[in-house]
Amino acid sequence: MATASNSTRAAVSVTPDDGELDMLGNLALVSVSTNSKFSNNLPPYKANKTEIVRQSTKLQIMADLVKSGTTWDRTATRQHDQAMVKLLREDLRKAGHDV
């Protein structure tokens, strides 16, 4: 949920009919000011904004993928989504939740 102090930002904007836009693999929680600074720039631009990327562990993971040569496309979004969902499920199970 976005508030005055945080907002979600898509790593790459895709056409609205593409399911990847709102997938966990394509989103990171960032401040409203960061959201404005990132605008609709491409992932390599965003990945190189170290001072901004540091504010979100998930954004750091995404930036590291891009810096390692991963092209942020539908495939990368889906793979990252699956990895993050798996990580969340594992953490929820460790905390005693039935998922």
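Preceding this section is the structure that the text describes.
Definitions and cut-offs
The numbering scheme is per chain: residues are counted from 1 as the chain's sequence reads. Two thresholds apply to this predicted model, a pLDDT of at least 70 for residue-level local features and 80 or more for giving and counting side-chain atom pairs, whereas whole-chain, interface and lining totals are computed over all residues. Computation of side-chain values covers all heavy atoms of the structure but excludes hydrogens and water. Secondary structure elements follow DSSP: runs of H or I of four or more residues count as helices, runs of E of two or more count as strands, with numbering from the N terminus. Remark: exposure states derive from per-residue accessible area (1.4 Å probe, protein chains only) relative to the maximum for the residue type, with buried under 20%, exposed over 50%, and partly exposed in between. Two residues form a contact once any of their heavy atoms are found within 4.5 Å. Polar contact criterion, stated in full: a pair of N or O atoms within 3.5 Å, where within protein one must be able to donate a hydrogen and the other to accept it, and residues adjacent in sequence count only if both atoms are side-chain atoms. Among buried residues, the Ala, Val, Leu, Ile, Met, Phe, Trp, Tyr and Cys ones that are joined through side-chain atoms within 4.5 Å form a nonpolar core. Patch membership needs two things, relative accessible area over 30% and no salt bridge, and members are linked within 9 Å if like-charged or within 5 Å if nonpolar (Val, Leu, Ile, Met, Phe, Trp, Tyr). Using a 1.4 Å probe, accessible areas were evaluated by the Shrake-Rupley method; residue-level cover was limited to the displayed protein chains. By salt bridge we mean one thing: a side-chain nitrogen of Lys or Arg within 4 Å of a carboxyl oxygen of Asp or Glu. The arc in question is the one spanned by the directions pointing from the helix axis to the C-beta atoms.

A. Local environment of the overall build of the chain. Scanning the chain from terminus to terminus reveals five helices and two strands. Secondary structure elements of the chain, listed N to C terminal, follow the sequence β-β-α-α-α-α-α. Per-residue burial for the chain yields a buried fraction of 34% across its 99 residues. Of the contacts made within the chain by residues no fewer than 6 positions apart, 51% connect residues no fewer than 24 positions apart.

B. Expanded view of the environment of K46. Tracing the sequence through the fold places K46 in helix α2 (residues 43-47). Once the C-alpha coordinates of K46 and T34 are considered, the two residues, 12 residues apart in sequence, prove to be 10.0 Å apart. At a separation of 3.2 Å, a polar atom in the side chain of K46 contacts the main-chain carbonyl oxygen of N41.

C. Highlighting the side chain of T34. In this structure, T34 sits in helix α1 (residues 32-38). Accessibility expressed as a relative area gives 2% for T34, which makes it buried. At a separation of 2.7 Å, a polar atom in the side chain of T34 contacts the side chain of Q55. If we skip the residues at most four places from it in the chain, T34 touches I52 and Q55.

D. Quick peek at the nonpolar core. Counting residues in hydrophobic clusters, the biggest one holds 12 residues: A28, V30, F38, A47, I52, V53, L59, M62, A63, V66, W72 and A76. Counting residues per element, this core draws most heavily on helix α4 (residues 57-67), at four residues. V66 has contacts with P43, P44, A47 and W72, leaving out every residue within four places of it along the chain.

E. Summary view of a nonpolar patch on the surface. A cluster of nonpolar side chains, L24, L88, L92 and V99, forms an exposed patch at the surface whose accessible area comes to about 300 Å². Position of V99 relative to the elements: it lies in the segment after α5 (74-94).

F. Main features of unusual backbone geometry. A positive phi is found at S39, a non-glycine position, where the angle reads about 45°. With respect to the helices, strands and loops of the structure, S39 is situated in the loop between α1 and α2. You can call S39 partly exposed: its relative accessible area is 37%.

G. Quick look at α4. Buried within α4 we find K58, L59, M62, A63 and V66. The buried residues of α4 all sit within an arc of 135° when viewed along its axis, so they share a single face. Buried-residue contacts for α4 involve β2 (27-30), α1, α2, α3 (50-53) and α5. Just downstream of α4 lies G69, where phi reads positive at about 110°.

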